[in-house]
Amino acid sequence: MTGRLYGVGLGPGDPELVTVRAARLIAAADVVAFHAAQHGRSVARAVAEPYLREGQVEELLVYPVTTEATDHPGGYQGAIDEFYEAAAARLAAHLDAGRDVVVLAEGDPFFYGSYMHMHKRLASRYPTEVVPGVTSVSGAAAVVGRPLVERDEVLTVLPGTLPADELAEWLATTDSAAVLKLGRTFPQVREAFDAAGVLDRALYVERATTDRQRTLPLADVDPESVPYFSLALLPSPLTGPGNSPERPDDAPRTGEVVVVGLGPGARGWTTPEAADAVAAADDLVGYGPYLDRVPANPRQTRHPSDNRVEADRAAQALELARSGRRVAVVSSGDPGVFAMAAAVLEVAARPEHAGVAVRVLPGLTAAQAVASRVGAPLGHDFAVISLSDVLKPLDVVLDRLRHAAAADLVIALYNPRSRARPHQLGQALDVLLEVRKPGTVVVVGRDVGGPEESVVVTTLGELDPETVDMRCLVLVGSSQTRVTPSGQVYTPRRYPA
């Protein structure tokens, strides 16, 4: 006997607007499936989270593309069709095994919802039920307090992906309208409202019913600030003004500093939490090359600086936050590992910055990234040491290195060699060779996650310091670190007695 497929609508965003039936089915399901873009964050799962339970199988269905730019031989449609077929096959495997599958859908499953693509492929083969949800259009009308239609009026629902002239024609001939699928389509949507002569009564609603909800007159919206989960609303002309939409400067702003780790290189290594914090910021503060990794947004102000002015950079961020700005201080890797988190907290402890909120968001470290490229060299105890003597004496660096080597720890060496201190790596190797055998495994990762990535597995005796620069991280194995016949490196979890 097969499982049962459920397409479950979650409503516009507030978990309390999930229907009783939807909540019950989510809690009872063997498998809960939800879609997400390539960043991996699922709005649907976040809404449904209060109703999930331990032990459920979660199927994350990640779209291969989010725009029409793709290398797939079948173009965008070919790529997306292939994805839907593969996703349906994954769900079918659960259904064939007798598991009930709930597919989550923002709003209503049959209203521009991703679920319908699973329905078309699976409903003819398995018992299926669709649970309707409150649509984003209804949620938006509710939060602005404007009825959509009354008496004999006509409501027209339009996708923002239509050409501007076609949108304008529809808008000019209807009583009330909702335009969905905004984001990158917003400029042409605004143009259409203007051409139809209705821009003055159009409203903008973003993330309706959630704690990130925003409402504005459509004419006041900055196109660069528009997310996909927003819509343009043309309410009924027969009703009154309703709730006053917020204007950009209506509410007092509380500033804060968020110290963010972007990860070591590839954009996919930036966590969703860090990406959200960067996207929400008014100001970005950081070392110039790290700021260059963040896509440009004209809404944001960038404050690039040199690599050796951490305290000044932290003070600037805190001053901006005190004036009510949301500030993201950007680091590479993890901000708490030889990066900006400690600098910001040191400066924030000064009396003049009392009361300024500071948060630190973790990131993938360079040591983890390099280790992953070769296997698991950090599989046992390890130490992390910076060879830079800018903020501590070189004698302290070498003494710590000597003790870590004597303890037979795997050692990750940050800041191994620069133009200003070209000899220190050689000195560090001499210290290591006092207690480590020349055959000790060494991994050198350069620009891991970046366009010039290279990873070399060598030994302590054969490592040439001249091949190492500041874009490298050096992993020195313990006496137990091994290289497999296939070239993978690992340090066993058990240590000999």
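Residue numbering note: each chain is counted from 1, following its sequence as written. Thresholds applied to this predicted model are a pLDDT of at least 70 for local features of residues and 80 or more for the giving and counting of side-chain atom pairs; totals over whole chains, interfaces and linings are not thresholded and use all residues. Where side-chain values are given, they derive from all heavy atoms of the structure, hydrogens and water being excluded.

A. Highlighting the overall build of the chain. Under the DSSP-based scheme used, a helix requires at least four consecutive residues in state H or I and a strand at least two consecutive residues in state E, with every element numbered from the N terminus. In terms of helices and strands, the chain carries 14 helices and 23 strands. Any pair of residues with heavy atoms lying within 4.5 Å of one another is described as a contacting pair. In the chain, the proportion of contacts linking residues at least 24 apart, taken out of those at least 6 apart, comes to 71%. Note on areas: Shrake-Rupley, 1.4 Å probe, and residue coverage restricted to the protein chains presented here. Accessible surface for the chain amounts to roughly 24000 Å². Of this, 52% is attributable to carbon and sulfur atoms.

B. Local environment of the pattern of salt bridges. Counted as salt bridges are all cases of a side-chain nitrogen of Lys or Arg within 4 Å of a carboxyl oxygen of Asp or Glu. Tallied over the entire structure, the rule returns 21 salt bridges. Here Arg121 and Glu85 are joined by a salt bridge, their closest N and O atoms 3.1 Å apart. One end of the pair, Arg121, is in helix H4 (residues 115-122); the other, Glu85, is in helix H3 (residues 75-96), with 36 residues separating them in the sequence. Exposure is judged per residue with a 1.4 Å probe applied to protein chains only, and the accessible area is read against the type maximum: over 50% gives exposed, under 20% gives buried, and values in between give partly exposed. Glu85 sits in the partly exposed class, given a relative accessible area of 46%. Through salt bridges that share partners, Arg446, Asp447, Glu452, Asp469 and Arg471 make up one connected network.

C. Fine view of the sheet that holds strand S17 (residues 382-386). For two strands to count as paired, DSSP must find a minimum of two bridges between them. With mixed pairing, the 5 strands of this open sheet are ordered in space as S17-S18-S21-S19-S20. The strands lining the two open edges of the sheet, one partner per strand, are S17 and strand S20 (454-459). Between one strand axis and the next, the sheet turns by 20 degrees as a mean value, whatever way the strands run. Bridge count for strand S19 (residues 441-446) against strand S21 (residues 472-476) is 5 bridges, and the pairing is antiparallel. In the sheet register, Val442 faces S21, and the bridge partner there is Val476. Axis geometry follows a simple rule: fit a line to the C-alpha atoms, using only the stretch in contact for helices, then measure angles between N-to-C directions, giving values from 0 to 180 degrees. Across the sheet, helix H12 (residues 366-374) touches strand S18 (410-414), S19, S20 and S21, and the angle it forms with S21 is around 65 degrees. With respect to the sheet, helix H13 (residues 394-406) is in contact with S17 and S18, its orientation differing from that of S17 by roughly 165 degrees.

D. The domain arrangement of the chain, seen in detail. Where each domain starts and ends follows an automatic or database-derived domain assignment. Splitting the chain by domain gives domain 1 (5-133), domain 2 (137-234), domain 3 (256-364) and domain 4 (367-490). Taken over C-alpha atoms, the centre of domain 2 sits 34 Å from the centre of domain 3.

E. Structural context of the pairing of S17. Direction of pairing for S17 relative to S18: parallel, over a ladder of 5 bridges. Note that in S18 the partner of Ser386 across the bridge is Tyr414. Handedness rule for crossovers: strands pointing away from the viewer, path from the first strand over the helix to the second running clockwise, crossover right-handed. In the classification by handedness, the crossover that spans S17, the intervening H13 and the parallel S18 is right-handed.

F. Main features of the sheet that holds strand S23 (residues 489-490). Taken together, the 3 strands give an open sheet; going across it, the order is S16-S23-S22, and neighbouring strands pair in mixed fashion. Edge positions in the sheet fall to strand S16 (375-376) and strand S22 (482-483), since each of these pairs with one other strand and no more.

G. Local environment of helix H1 (residues 20-28). All buried positions along H1 are accounted for by Ala22, Ala23, Leu25 and Ile26. Viewed end-on, H1 has its buried residues packed into an arc of 165 degrees, placing them on one side of the element. Away from its buried face, by an angle of more than 90 degrees, H1 presents the exposed residues Val20 and Ala28. Where the residues of H1 are buried, they touch strand S1 (5-9), strand S2 (31-36), helix H2 (43-48), strand S4 (101-105) and strand S5 (128-131). It is the directions from the helix axis to the C-beta atoms that the arc portrays.

H. Examining the UniProt feature "domain: Tetrapyrrole methylase" (unreviewed entry) in the chain more closely. UniProt positions are given in the numbering used here, feature names are shortened, and annotations may be inferred rather than shown by experiment. Mapped onto this numbering, the UniProt entry annotates "domain: Tetrapyrrole methylase" (unreviewed entry) at residues 4-216 and 257-464. The straight-line gap between the two end C-alpha atoms of residues 257-464 is 42 Å; of that span, 32% is helix and 24% is strand.

I. Structural context of a negative patch on the surface. Together, Asp165, Glu166, Glu169, Glu191 and Asp194 make up a negatively charged patch on the protein surface. Here the element with the most residues in the negative patch is helix H6 (residues 164-172); it accounts for 3 residues. Note that Glu191 resides in helix H7 (residues 186-195). Residues form patches when they are more than 30% accessible in relative terms and have no salt bridge. Like charges link within 9 Å. Nonpolar side chains (Val, Leu, Ile, Met, Phe, Trp, Tyr) link within 5 Å. In this count, Lys and Arg are taken as positive residues and Asp and Glu as negative ones, while His and the chain termini are left out. Charged side chains are reduced to one point each, which is NZ for Lys, CZ for Arg, CG for Asp and CD for Glu.

J. Structural view of the side chain of Ser42. Relative to the helices and strands, Ser42 resides in the loop between S2 and H2. N or O atoms within 3.5 Å of each other form a polar contact, as long as, within protein, one can give a hydrogen and the other can take it, and as long as residues adjacent in sequence are counted only when both atoms are side-chain atoms. Polar side-chain contacts of Ser42 include one of 3.1 Å to the backbone nitrogen of Arg45. Residues in contact with Ser42, not counting those within four places in the same chain, are Phe34, His35 and Ala36.

K. Spotlight on the side chain of Arg417. Locating Arg417 in the fold gives a position in the loop between S18 and helix H14 (424-433). Separated by 3.1 Å, the side chains of Arg417 and Glu466 make a polar contact. Polar contacts involving the side chain of Arg417 include one to the main-chain carbonyl oxygen of Val468, which spans 3.3 Å. Leave out the neighbours within four places in its chain, and Arg417 touches Pro422, Leu425, Pro465, Glu466, Val468, Asp469 and Met470.

L. Molecular detail of the nonpolar core. Within this scheme, the nonpolar core is defined by two criteria: the residues are buried Ala, Val, Leu, Ile, Met, Phe, Trp, Tyr or Cys, and they are joined through side-chain atoms within 4.5 Å. Among the nonpolar cores identified, the biggest contains 24 residues, and Leu401, Ile411, Leu413, Leu432, Val474 and Val476 are the most heavily contacted of them. When contributions to this core are tallied by element, the ones reaching two or more residues are S17, H13, S18, H14, S19 and S21. In contact with Leu432, other than residues within four places in its own chain, are Leu401, Ala405, Ile411, Leu460 and Val476.

M. Representation of the pairing of strand S10 (residues 230-234) within the structure. Of all 5 residues that make up S10, 5 are buried, and the element is covered over most of its length. Of the two faces of S10, the one carrying Ser230, Ala232 and Leu234 and the one carrying Leu231 and Leu233 are both buried. As paired elements, strand S7 (residues 176-180) and S10 share 3 bridges and run antiparallel to each other. Across the sheet, residue Ala178 finds its bridge partner in S10, namely Leu233. As paired strands, strand S8 (residues 203-206) and S10 are joined by 4 bridges and run antiparallel to one another.

N. Main features of the packing of helix H10 (residues 310-322) against helix H11 (residues 340-348). At their nearest, the axes of H10 and H11 sit 8 Å apart, and the two run at 65 degrees to each other. Judged by the twist between their axes, the crossing of H10 over H11 is right-handed. Of the residues in H11, those in contact with Glu310, Ala311, Arg313, Ala314, Ala315 and Leu318 of H10 are Met340, Ala343, Val344, Val347 and Ala348. For the contact of H10 with H11, the residue count by class is 9 nonpolar, no polar and 2 charged. The sense of a crossing depends on the near helix, which, turned anticlockwise from the far helix by less than a right angle, makes the crossing left-handed and, turned clockwise, makes it right-handed. In the scheme used here, Gly and all other residues not listed as nonpolar or charged are polar, with Ala, Val, Leu, Ile, Met, Phe, Trp, Tyr, Cys and Pro taken as nonpolar and Asp, Glu, Lys and Arg as charged.

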